[in-house]
Amino acid sequence: MQQVARSPSAQTTRNHPSAQPRARVLANAGLFGISLPFLKAGPPKPSKAEARAEAKKELLDRIATLDRGASATADDKADVERLASTLEDLNPTAKPLAAPELLSGKWRLLYTTSASILATNRPPFLRPQGPIYQTIDAERLKARNNESFPFYNQVTADLTPLTSSKVTVQFKTFTLFKLINITAPPAAKGELAVTYLDEDLRISRGDKGNLFVLDMADRAARLEGQWALAPSLASAATRSLQDSLGHFPGTTAPPAPTAPAAGSRAPPRAVSPRTRRRAAPRTRLPTPSAPGRAAPPPRPVRAGAAAPAAPAAARRPGRPGGSCATPPCAAGRRGRVGVGMSGGQEG
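Draft legend 1. Just the pattern of salt bridges, in detail. Counting across every chain of the model gives 13 salt bridges. When the shortest N-O distance is used, the salt bridge between K56 and D200 registers 2.5 Å. Residue K56 is located in helix α3 (residues 48-63), and its partner D200 is located in the loop between β7 (189-197) and β8 (201-206); the two are separated by 144 residues in the primary sequence. A residue is classified by how much of its surface remains accessible, and D200, at 38% relative accessible area, is partly exposed. R108 serves as the salt-bridge partner of D215, at 2.7 Å between the closest nitrogen and oxygen. In this pair, D215 sits in strand β9 (residues 211-218) while R108 sits in strand β1 (residues 105-112), placing the two residues 107 residues apart along the sequence.

Draft legend 2. Structural detail: unusual backbone geometry. Cis geometry is adopted by the peptide bond preceding P150, which originates at F149 and carries an omega value of 5°. Position of P150 relative to the elements: it lies in the loop between β3 (142-147) and β4 (154-161). Positive phi is not limited to glycine here, since Y152 has a value of about 60°. Secondary-structure assignment places Y152 in the loop between β3 and β4. By relative accessible area, which is 38% here, Y152 ends up partly exposed. In the Ramachandran plot, F177 falls in the positive-phi region, its phi being about 55° despite a non-glycine side chain.

Rules used in this analysis
- Residues numbered from 1 in each chain as written.
- Predicted model: local features only at pLDDT ≥ 70, side-chain atom pairs only at ≥ 80, totals over all residues.
- Heavy atoms only, no water.
- Salt bridge = Lys/Arg side-chain N within 4 Å of Asp/Glu carboxyl O.
- Helix = DSSP H or I, 4+ residues; strand = E, 2+ residues; numbered from the N terminus.
- Buried < 20%, exposed > 50% of the residue type's maximum accessible area, 1.4 Å probe, protein only.

So this is what it looks like as structure tokens:
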């Protein structure tokens, strides 16, 4: 048989390096030339839920030792900010105000950058020691922040939606030591945005740039009737403070006293029964002697001692009730009586 000579160009093409990748692809082809890429793929990419759980764990582990942020350094705050932003990008609730079943409840503060809430300008023993809570009632658009031991201060607020994730916070009443109520002025307000929300964790940001991380403490907590009960918390201490300091901002000042008109008589001053009893003269009544009890015997006179003085009625004649045994005394008594009756002496 006659052999067909191969051209050098064909040989060069087969041995060219560019033809080697195609040969490798064919060699790696599966059965009947079908490629099976899943047999050579790496580990699967984590789902969004798994990535969210991992980012959530990293954030909670990072803030666990920062005393709600009171002991956080600048590096700690930057690290927490980075982890919080990562979790906010995986937010499962795009419209928190439309999910009251997730937003409503009693939340416990885990971390914040707010110096006023942490009271970092005070000594450690004057800072809040117990948990700090925020209760939100999304159906009634009410909120309440309250501290626990040792001060038990709290503030109530009304919420006004701005967007599906942001509200205006209008503070209403500040309560000091769980006893003294102070009405908040109209300027006491701010804004709060919910940037992450799930079943047990919430991240919020205020209009001053503060970051808040909270976890759920009581899902069933609501704020029904708290404003109807607030006046009953005011005590005599509150009223005395209002009387001595004027009036608190936002309250109505007591009316000033008015002088009586010219020619009119001032109304009589009310006198309490106790004052009336004190002003009345006291009459000392004689003490009745016990029935059947004899008068005490006269005291014996010692030898050489002066005789006891006569009673006042005997020493001063003419007085009503006195005794007058001597004739001059009786005559003088009759004369004084005559002068009073007829103008002259009776003979």
